[in-house]
Amino acid sequence: GAGVSQSPSNKVTEKGKDVELRCDPISGHTALYWYRQSLGQGLEFLIYFQGNSAPDKSGLPSDRFSAERTGGSVSTLTIQRTQQEDSAVYLCASSFLAGMAGELFFGEGSRLTVL
Amino acid sequence: AQSVTQLGSHVSVSEGALVLLRCNYSSSVPPYLFWYVQYPNQGLQLLLKYTSAATLVKGINGFEAEFKKSETSFHLTKPSAHMSDAAEYFCAVSGSSNTGKLIFGQGTTLQVKP
């Protein structure tokens, strides 16, 4: 596609349920990033993929959070046993090459609400 | 460790007035610095970036920013605000790990009054 695509755009779930968020990066972009945007918290880095490997998972807040990327393309962020504090907008970004000067292209995000 | 501080979570200006959004950074290595804009219900869009070339960087929509090493600042300016500039603005620094990971500030919401 022309841009980074994320689905679902909105997800409402009950506390304790598992959720999966999907990111389809720009074709050819090898680097992929997940961020979380919460009210008053700004953007928090979660995880970075280069190809299918994740050399930086330092931002994942707990072991309930995991992510994978297959075929060097689509990525899925999974949150198990969701808690109310997981409510946020989850943003995915991709970049042609990982590097300090690279531009990140962001999707519109998946808004997660945990009741 | 690297960090970014944006002074002022909300800035309000009149249409036609100068826009000044402040950003200070902390970095143990020469930084790459970015400004992104987020319009309501949209993803982030790159406004401009500093990558150690010219210290005055021009971006889209008439915005520019000046890198001042002595002040560890990268403030964003626009001479004349337009109603369409109302959005949230994020300053970011590229992490020293060379992964392209960005460390973002908390964001500044710009309101433009008619």
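Structure's up top.
Note that the coordinates shown come from a computational prediction; the quantities given were computed from them, not determined experimentally.

For the rest of this paragraph, the subject is the packing of aromatic side chains. This structure, assessed with the given rule, holds 13 aromatic pairs over all chains. Note on Y33(A) and Y48(A): the rings are 5.2 Å apart at their centroids and 25 degrees apart in plane angle, and the pair reads as stacked. Note that Y33(A) is positioned in strand β4 (residues 31-38) and Y48(A) in strand β5 (residues 42-50), a separation of 15 residues in sequence. We classify Y33(A) as buried; its relative accessible area is 0%. Here Y48(A) falls in the buried class, since its relative accessible area comes to 4%. A ring pair is formed by F90(B) and F104(B), whose centres lie 6.2 Å apart and whose planes are at 90 degrees; its orientation type is edge-to-face. Of this pair, F90(B) sits in strand β9 (residues 87-94) while F104(B) sits in strand β10 (residues 102-104), and the two are 14 residues apart along the sequence.

All right, on to the interface of chain A and chain B then. Tallying the contact residues gives 22 residues for chain A and 25 residues for chain B. Summed over both partners, the interface of chain A with chain B comes to about 1,800 Å²; 56% of that surface belongs to carbon and sulfur atoms. Applying the counting rule to chain A against chain B returns one salt bridge. Residue K101(B) pairs with D56(A) through a salt bridge whose shortest N-O separation is 3.0 Å.

Moving on, we get to the environment of S9(A). Residues and elements named next belong to chain A. Mapping S9 onto the fold places it in the loop between β1 (5-7) and β2 (10-13). Placed twelve residues apart in sequence, S9 and L21 show a C-alpha to C-alpha distance of 9.0 Å. Residues in contact with S9, not counting those within four places in the same chain, are G109, S110 and R111.

Turning next to the state of the cysteines. Residue and element names in this part refer to chain A. As enumerated under the stated definition, the model contains two disulfides over all chains in all. In this model, C23 is linked to C92 through a disulfide, with the two sulfur atoms separated by 1.9 Å. Across the S-S bond linking C23 and C92, the dihedral sits near -65 degrees, which makes this disulfide left-handed. Pair noted here: C23 is in strand β3 (residues 19-24) and C92 is in strand β9 (residues 88-95), with a separation of 69 residues, a long-range link.

Bringing the sheet that holds strand β6 (residues 56-58) of chain B into the picture now. What holds strands together in a sheet is hydrogen bonding between their backbones, with the strands either parallel or antiparallel. Residue and element names in this part refer to chain B. Taken in spatial order, the five strands line up as β1-β3-β8-β7-β6 in an open sheet, and their pairing is antiparallel. At either margin of the open sheet sits one strand with a lone partner, and together these are β1 (3-7) and β6. Between one strand and the next, the sheet's axes are offset by a mean angle of 20 degrees, whatever the strand orientation. As defined by bridge partners, β6 adjoins strand β7 (residues 64-68) across three bridges and the pair is classed as antiparallel. From the neighbouring strand, L56 faces β7, where its bridge partner is E66.

This next bit is on the pairing of strand β11 (residues 110-114) of chain A. Residue and element names in this part refer to chain A. Only one face of β11 is buried, namely the one carrying S110, L112 and V114, since none of R111 and T113 on the opposite face is buried. Across four bridges, the pairing between β2 and β11 is parallel. Within the sheet, the bridge partner assigned to N10 lies in β11 and is R111. As judged from the three bridges shared by β9 and β11, these two strands associate in the antiparallel manner. The residue of β11 that forms the bridge with A88 is L112.

A word on the nonpolar core. Residues and elements named next belong to chain B. Core analysis: the largest hydrophobic core is formed by 27 residues, its most contacted members being W35, L48, F74, L76 and Y89. Looking at this core, the elements with two or more residues in it are β2 (10-14), β3 (19-26), β4 (33-38), β5 (44-50), β7, β8 (73-78), β9 and β11 (108-113). Residues contacting Y89, with those up to four places away along its chain left out, are Q6, L21, W35, Y36, V37, L47, F63, L76, G107, T108 and L110.

Our next topic: the sheet that holds strand β8 (residues 75-79) of chain A. Residues and elements named next belong to chain A. Strand order in the open sheet formed by four strands is β1-β3-β8-β7, and the pairing between neighbours is antiparallel. Edge positions in the sheet fall to β1 and β7 (65-69), since each has one partner strand and no second. Averaged over all pairs of adjacent strands, the angle between their axes in this sheet comes to 15 degrees, without regard to strand direction. Bridging between β7 and β8 involves five bridges; their strand directions are antiparallel. Counterpart to F65 in the pairing with β8 is I79.

How each quantity is defined
Residues numbered from 1 in each chain as written. Chains lettered and ligands numbered in written order. Predicted model: local features only at pLDDT ≥ 70, side-chain atom pairs only at ≥ 80, totals over all residues. Heavy atoms only, no water. Phe/Tyr/Trp six-rings, centres within 6.5 Å; stacked < 30°, edge-to-face > 60°. Helix = DSSP H or I, 4+ residues; strand = E, 2+ residues; numbered from the N terminus. Buried < 20%, exposed > 50% of the residue type's maximum accessible area, 1.4 Å probe, protein only. Contact = heavy atoms within 4.5 Å. Buried area = accessible area lost by both parts, 1.4 Å probe. Salt bridge = Lys/Arg side-chain N within 4 Å of Asp/Glu carboxyl O. Disulfide = S-S within 2.5 Å. Pairing = 2+ DSSP bridges. Axes fitted to C-alpha atoms, helices over the stretch in contact; angles between N-to-C directions. Core = buried A, V, L, I, M, F, W, Y, C linked by side-chain atoms within 4.5 Å.

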